[in-house]
Amino acid sequence: MKITLTHAASFIPAGSLNELAAKTAQCNALLENGQGAGNDFLGWVHLPSSITPEFLDEVQASADALRQRCEVVVVAGIGGSYLGARAVNEALGSSFDAFRAKDRKNPYVVYAGNNIGEDYLADLMEFLADKQFGIINISKSGTTTETALAFRLLKTMLEKQVGKAEAKNRIVAVTDRAKGALRSLATQEGYKTFVIPDNVGGRFSVLTPVGLLAIAVAGFDIRALVKGAQDMEQQTADNVPYEQNPACQYAAMRNALYQYGKKIEILVNYNPRLHYFSEWWKQLYGESEGKQHKGIFPASVDFTTDLHSMGQWIQDGERSIFETVISIKQANREVRVPMDEENLDGLNFLAGKRVDEVNKMAELGTRLAHIDGGVPNILIEFDKIDEYNIGQFIYFFERGCGISGYMLGVNPFDQPGVEAYKKNMFALLDKPGYEKESAAIKARLG
């Protein structure tokens with residue numbers, strides 16, 4: 001990968017990056033030596049290099065067992081428990097995989113437990129009614145409302161379809177090592193289980209079984225994915241100088257822009273397959289940095305699609321934004337523009353060119369227009385979309401997030417703010433133990 005900061009550095013005073021560049025070394029060292037805030041959740045830092053071939057063999061064997069039995073595998077999880085796997089699967093899979101049937105080689109992976117939509121769950125259950133399906137249930141506690149609710153429905157449905165004895169062969173639990181409702185259920189029912197490491201938070205967990213199992217089920221090479229992350233771990237370690245360390249450069253520049261009034265970071269991609277990587281990235285940075293009334297707001301757009309909706313605002317709106325553009329050097333497929341004798345659409349000037357060349361010129365033209373319009377631009381380039389590069393992508397942004405959060409002065413590895421809505425929801429639903437809160441809220445609402 002390559003990071004280019006030229007068109008972001010021009011928007012900050014000369015020399016202002018030097019102090020922040022030095023600070024990245026200190027913050028990166030905190031990740032390495034475990035002396036910073038939230039240091040009990042730093043297991044992801046050396047996770048790639050700690051993954052053994054034997055462990056990957058175990059994950060692959062479990063994935064293969066599901067692949068042999070199931071046409072569809074439902075991943076039940078929310079937040080980091082599903083976004084990483086979905087990001088990888090959507091990036092590597094066919095854009096029209098859902099419509100393939102006769103020539104399908106891999107199970108169709110779908111997702112549940114990431115919302116409380118009754119219509120969505122009804123649609124999913126209707127879809128599964130005539131399918132051979134299995135479930136990967138991902139929850140450290142087993143009591144997260146969205147995921148637990150979906151799993152209860154799906155487990156009941158699966159057991160009715162194939163019986164409890166066969167159902168246990170089609171359910172894998174990814175959960176805590178020793179405690180929690182899902183661990184107890186998995187032990188009671190005899191499910192295959194994988195452990196969510198205690199020292200890896202959900203949004204950093206894609207390279208644990210939380211992500212790897214669903215990625216392997218979908219038919220992708222988890223060994224190449226991990227290899228990419230391992231190489232990026234080495235490239236971003238604390239002993240790598242700032243000038244060669246892309247994670248430090250990214251963290252320093254985004255914090256410099258933040259100091260000079262750029263409060264919103266827009267992650268831009270020009271490949272539709274990367275949409276869910278933007279969703280994963282938004283959780284990673286939003287949940288890590290949005291604390292103490294601080295933090296860059298993470299937003300995203302899919303270009304060129306969103307140029308026809310958000311492009312006007314980005315070009316001419318309030319100058320509180322900067323862009324981080326993900327550029328993919330090579331497309332995996334080739335489509336060329338044909339010649340048309342009538343040329344009614346006026347596109348013959350593109351005849352013979354690859355569609356990706358047109359896309360690249362749209363990317364370059366847009367970047368130049370936005371820079372001219374006052375939008376700082378960080379450019380991050382990857383060779384192609386494949387398992388190895390996606391592994392690099394994941395670890396690069398994780399490392400950059402840890403460094404950036406420490407630079408901001410927050411604990412990047414907790415998320416106290418997400419508990420507020422849960423307390424209100426449980427009180428409104430009259431959950432046992434929330435009687436006082438329930439009375440207070442109902443009085444407040446009249």
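Residues numbered from 1 in each chain as written. Predicted model: local features only at pLDDT ≥ 70, side-chain atom pairs only at ≥ 80, totals over all residues. Heavy atoms only, no water.

Now for the sheet that holds strand β2 (residues 72-76). Strand pairing in a sheet takes place through backbone hydrogen bonds and is either antiparallel or parallel in direction. Read across the open sheet, the five strands follow the order β3-β2-β4-β5-β6; overall the sheet is parallel. Two strands lie at the open edges of the sheet, namely β3 (108-112) and β6 (192-195), each paired on one side alone. Within the sheet, the average angular offset between the axes of one strand and its neighbour, ignoring direction, is 20°. Two elements, β2 and strand β4 (residues 133-138), share five bridges in a ladder whose sense is parallel. (Pairing = 2+ DSSP bridges. Helix = DSSP H or I, 4+ residues; strand = E, 2+ residues; numbered from the N terminus. Axes fitted to C-alpha atoms, helices over the stretch in contact; angles between N-to-C directions.)

As a further point, take the sheet that holds strand β8 (residues 297-302). The strand order across the open sheet formed by five strands is β1-β10-β9-β7-β8, and the pairing between neighbours is mixed. The sheet is open, and its two edges are formed by β1 (2-4) and β8, each paired on a single side. Between one strand axis and the next, the sheet turns by 20° as a mean value, whatever way the strands run. In this sheet, β8 lies alongside strand β7 (residues 264-269) in parallel orientation, the contact comprising six bridges. Bridged to L267 within β8 is S300. Along the sheet, helix α13 (residues 275-289) contacts β7 and β8; its crossing angle with β8, the most-contacted strand, is approximately 175°. Packing against the sheet, helix α15 (residues 355-372) makes contact with β9 (321-328) and β10 (377-382), and its axis sits at approximately 160° to β9. (Contact = heavy atoms within 4.5 Å.)

On to the state of the cysteines. Enumeration according to the criterion identifies zero disulfides in this entry. For C27, which is in no disulfide, the shortest distance to another cysteine sulfur is to C248 and amounts to 8.7 Å. Residue classification places C27 among the buried positions, given a relative accessible area of 5%. (Disulfide = S-S within 2.5 Å. Buried < 20%, exposed > 50% of the residue type's maximum accessible area, 1.4 Å probe, protein only.)

Attention now goes to a negative patch on the surface. A surface patch of like charges, here negative, comprises E118, D119, D123 and E126. Within the secondary structure, D119 sits in helix α6 (residues 118-128). We classify D119 as exposed; its relative accessible area is 62%. (Patch = residues over 30% accessible without salt bridge, like charges linked within 9 Å, V, L, I, M, F, W, Y side chains within 5 Å. Areas by Shrake-Rupley, 256 points an atom, 1.4 Å probe, with all protein chains shown as cover. Salt bridge = Lys/Arg side-chain N within 4 Å of Asp/Glu carboxyl O. Lys, Arg positive; Asp, Glu negative; His and termini not counted. Charge placed at Lys NZ, Arg CZ, Asp CG, Glu CD.)

All chains considered together, the criterion is met by 23 salt bridges. Note that R69 is salt-bridged to E166, the shortest N-O span being 3.0 Å. Separated by 97 residues along the polypeptide, R69 in helix α4 (residues 53-69) and E166 in helix α8 (residues 164-167) bring together distant segments of the chain. Salt bridges sharing partners connect three or more residues here, namely K140, D176, K179 and D198.

This brings us to the nonpolar core. Among the nonpolar cores identified, the biggest contains 93 residues, and I136, F277, W280, I378 and F397 are the most heavily contacted of them. Excluding residues within four positions of it along the chain, F277 makes contact with A87, V88, A91, I390, F393 and I394. Counting residues in hydrophobic clusters, the runner-up holds 20 residues, among them A150, F151, L154 and L182. (Core = buried A, V, L, I, M, F, W, Y, C linked by side-chain atoms within 4.5 Å.)

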